[in-house]
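Commentary on secondary and tertiary structure
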Amino acid sequence: MFNLGFTEIIVIGVLALVLIGPKQLPEVAKALGRLVSEFKRATEDLSGGLLDVRKDLKRPMQDVMNQVKDAMREPTQDVKDSISDPIEDLKQSVRKNRNGTKISDEVIRIKQDLEASIDNSGTTPKDESSDEKTRDS
């Protein structure tokens, strides 16, 4: 606890014997022992109380963290689902590009579908051909 060696303890014992005296030394040692044990008991009670408080605080925090994780799972899964369908469509169209459709046309169509599904107002964004008509006018 105090990291004292044997020689330091001997020096302290000799000093105590000289300063306190041989008659009162046992009484002082008993009182010191009681004081140390009482201090030890008090610190154990305090640390035990702090551990209980920590456990009491940890439970609600864990519950809140679990609720946040659960709340985030559904929107995250919705985003994954909304993205995976167009991506799968793109993969299939690239694999089945036997009907003569240009891949770039298919990509533009899927991009428009994605933008339409993301857009909250439900309107689809302008495609490049309508932009070109607007520029030509």
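Residues numbered from 1 in each chain as written. Predicted model: local features only at pLDDT ≥ 70, side-chain atom pairs only at ≥ 80, totals over all residues. Heavy atoms only, no water.

Comments concerning the overall build of the protein
Summing up its helical and strand segments, the protein has four helices and zero strands in all. Mapped from its N terminus to its C terminus, the protein presents α and β elements in the order α-α-α-α. Within the protein, the fraction of its 137 residues that count as buried is 4%. Summed over its atoms, the accessible surface of the protein is roughly 12,300 Å², and 60% of this surface lies on carbon and sulfur atoms. (Helix = DSSP H or I, 4+ residues; strand = E, 2+ residues; numbered from the N terminus. Buried < 20%, exposed > 50% of the residue type's maximum accessible area, 1.4 Å probe, protein only. Areas by Shrake-Rupley, 256 points an atom, 1.4 Å probe, with all protein chains shown as cover.)

With respect to helix H1 (residues 6-20)
Residues spaced three or four apart along an α-helix point in a common direction, a consequence of the helix completing one turn every 3.6 residues. Spanning 15 residues, H1 covers 21 Å between terminal C-alpha atoms, matching the ideal 21 Å at 1.5 Å per step. Positioned one or two residues after H1, Gly 21 has a phi angle of 105°, which is positive. (Expected span 1.5 Å × (residues − 1).)

Points about the pattern of salt bridges
Going through the model one piece at a time under the given rule, you end up with two salt bridges. Among the ionic pairs, Asp 56 bridges to Arg 59, the shortest N-O distance being 3.4 Å. Of the two residues, Asp 56 and Arg 59 both sit in helix H2 (residues 25-95), three residues apart, roughly one turn of that helix. By relative accessible area, which is 53% here, Arg 59 ends up exposed. (Salt bridge = Lys/Arg side-chain N within 4 Å of Asp/Glu carboxyl O.)

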